[in-house]
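In case you want the letters, here they are:
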Amino acid sequence: MERLQAEKILEIGIQLTAEHDFDKLLSKIIDCAMELTHCDGGTLYLYEEEQLKFCIMNNQSMGINRDSKSGEQFPPVPMNEKNVCAYAAIHRKLLNIQDAYDCKEFDFSGPREYDKITGYKTKSLLVFPLVNHEDNLIGVVQLINAMDEQGKVISFDDECEKVVQSLGSQAAVAVSNMRFVQENEQLMLSITQVFTDAIDARIPYNYYHSRNVHLYVKMLVDYINRQHRQGKTPRSFSAIHRDELLMAALMHDIGKLVLPNEIIDKNARLGKMLPLVKERFGHLTALFHIDYLEGRIDQNKWIEVKNILVEGANRVEELNRKNRLTDEDIAYVQNLGANTYTNARGQMIPFLTLEEVECLTIPSGNLTRAEREVIRSHVDYTVRYLQKMNFDRRYPHIIQWAGAHHEFLDGSGYPKGLKGDEIPFEARILAVVDVFEALTSSDRPYKESMEQKKALAVLEEMTDEGKIDGEVLGLFKEALAENNGQIQLISGHDK
């Protein structure tokens, strides 16, 4: 083999190894094989499900450059030895056919029929298997019509055989490595599925939240890339960058696996304590009535206490679910909680415990400060879990992005209180989408869903307050508008 040819093969091997896009890799294999052998056409088949499946076809003189994703599809090649490609695959053997019209060993009726329709003339063929370092069949390459310097069709010579055998080995290893990477990526997605399924079992709405955040982020990233291609934004996402952000979107809430359900699912201030409070009020009413009947309190006191307890039971139930409490509401609960009953043994029973008073005086929402801290801890647990996964080489930023999805630009977020440029653009995307999905979700047990228009207004307010990124919100609104606000989300009804 000439030195120049050898250097060319080494250069091609480097190109194949460096390629990260599977479709481009397959195209390069055909292009390189045709270039090295100076032929007019080539077809690549991959061995899958015990068949040779068409992937790439290139023919220079006919102006054909077609892959499996093109409109016209070719049927798989059955593993029949009368077919030249199948024979090369079965016997792992290179075949050099000088004239397809003069060959009796193989069935060339198909190419001949194709030639009749197109006016093309298939003459010389060089067919070789792609076999990797583990002796596994990867596919077959079929080259057609070698040409001399004047463009005349000639036979493939012995030098071509040596060249394609070397190329075939390198190509097979490159395809195997690419598939291995794809399998690893699929494994990571499967692990993600396991996590989200586990969350689904404990927190049904959060499962849909993570998946929907993923769908919104995908919509936004793809929109940004389209805008970039049109020269409308300098921002863009490469394929690996996009995949990494989508993985972060799926994994951003896995720390919620360890949070107590009684806090996550708390849909009112008292949570599961309301029945106990109502039962205590009934018990206290009975105790005071007994005291009245046995003469320990007079009728006026009995009527006064009974009214306090009846009104208290009603107000507690009302305030338990009220959206926002007034100062008057809070004062009422504190005064009610200050009442006690003392029995004959000197034991004191409060109308409301300190914990119940704390819950019933939450000005807005359902969680106490301690419960909010528990909820916030999910980010720390998310980071801990992600650190145990080996994302470093493929997705080195997942931990950073997922761990900052509750950070706000003004430093009021958590867990680190990051500000401004300390928060990556990708984390800012997660922050906007996370809030939007939470506001519009219909699966939350503790609130009604908000219309998109109103949710975007809330996000606008957060932008004005310096909490979230206005550029991200603007792009997100444009992406939503492009989709007419419609995106196929997952809801509890889809389970």
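Since the model is a prediction, treat every value here as computed from it, not as a measurement.

Novice: Even after reading the chapter, I still don't get the nonpolar core, so can you show me in this structure?
Specialist: As a rule of thumb, nonpolar side chains are buried together in soluble globular proteins. In terms of nonpolar packing, the biggest core is built from 46 residues, with Val 217, Phe 391, Ile 429, Leu 459 and Phe 476 touching the most fellow members. Looking at this core, the elements that each hand over two or more residues are helix 5 (158–202), helix 6 (204–229), helix 7 (239–251), helix 14 (398–402), helix 15 (425–440), helix 16 (452–464) and helix 17 (470–482). Not counting residues up to four positions away in its chain, the partners in contact with Phe 391 are Met 188, Met 247, Met 251, Leu 386, Pro 396 and Ile 398. Counting residues in hydrophobic clusters, the runner-up holds 34 residues, among them Ile 12, Ile 30, Leu 94 and Leu 167.

Novice: I tried to follow empty space enclosed by the protein on my own but got confused; where do I start?
Specialist: It is a probe the size of a water molecule, rolled over the atoms, that shows where empty space is left. Counted under the stated rule, the structure contains one cavity of 30 Å³ or more. Of the residues contributing to the lining of the largest cavity, the split by class is five nonpolar, no polar and four charged.

Novice: Looking at this model, I keep getting lost on the packing of aromatic side chains. Mind explaining?
Specialist: Within the structure shown, the criterion is met by nine aromatic pairs. Between Phe 288 and Phe 351, the ring centres sit 6.3 Å apart and the planes meet at 75°, which makes this aromatic pair edge-to-face. Taken together, the residues span a long stretch of sequence, with Phe 288 in helix 9 (residues 274–293) and Phe 351 in the loop between strand 9 (348–350) and helix 12 (354–360) at a distance of 63 residues. The exposure classification of Phe 288 matches that of Phe 351, with both residues buried. Residues Tyr 292 and Trp 302 carry aromatic rings whose centres are separated by 6.3 Å and whose planes lie at 10° to one another, so their mutual orientation is stacked. Linking Tyr 292 in helix 9 with Trp 302 in helix 10 (residues 299–321), this pair joins segments that are 10 residues apart in sequence. Feature note: the residues Phe 281, Phe 288, Tyr 341 and Phe 351 constitute an aromatic cluster, connected by ring pairs. Directly above the ring of Tyr 332 sits Arg 315, whose terminal nitrogen or CZ lies 4.3 Å from the centroid. The side chain of Arg 384 reaches across the aromatic face of Tyr 381, ending 4.7 Å from its centre.

Novice: So what exactly am I meant to see when it comes to the pattern of salt bridges here?
Specialist: Side-chain pairing between opposite charges can occur once the charged atoms of the two side chains come close. Summed over the entire model, instances satisfying the criterion amount to 22 salt bridges. Asp 222 serves as the salt-bridge partner of Arg 242, at 2.7 Å between the closest nitrogen and oxygen. Here Arg 242 is found in helix 7, whereas its partner Asp 222 is found in helix 6, with 20 residues between them in sequence. For the salt bridge of Asp 243 with Arg 242, the shortest nitrogen-to-oxygen distance reads 3.9 Å. According to the relative accessible area criterion, Asp 243 is partly exposed, its value standing at 28%. Taken together, the shared-partner salt bridges in this structure form one network comprising Lys 218, Asp 222, Arg 242 and Asp 243.

Cut-offs used in this document
- Residues numbered from 1 in each chain as written.
- Predicted model: local features only at pLDDT ≥ 70, side-chain atom pairs only at ≥ 80, totals over all residues.
- Heavy atoms only, no water.
- Core = buried A, V, L, I, M, F, W, Y, C linked by side-chain atoms within 4.5 Å.
- Buried < 20%, exposed > 50% of the residue type's maximum accessible area, 1.4 Å probe, protein only.
- Helix = DSSP H or I, 4+ residues; strand = E, 2+ residues; numbered from the N terminus.
- Contact = heavy atoms within 4.5 Å.
- 1 Å grid on protein atoms, 1.4 Å probe; cavity = no way out; pocket = protein on both sides within 12 Å on 5 of 7 lines; lining within 4 Å.
- Points joined across faces, edges and corners; volume = space filled by probe spheres on them.
- Nonpolar A, V, L, I, M, F, W, Y, C, P; charged D, E, K, R; others polar.
- Phe/Tyr/Trp six-rings, centres within 6.5 Å; stacked < 30°, edge-to-face > 60°.
- Lys NZ or Arg CZ within 6 Å of the ring centre and 35° of its normal.
- Salt bridge = Lys/Arg side-chain N within 4 Å of Asp/Glu carboxyl O.

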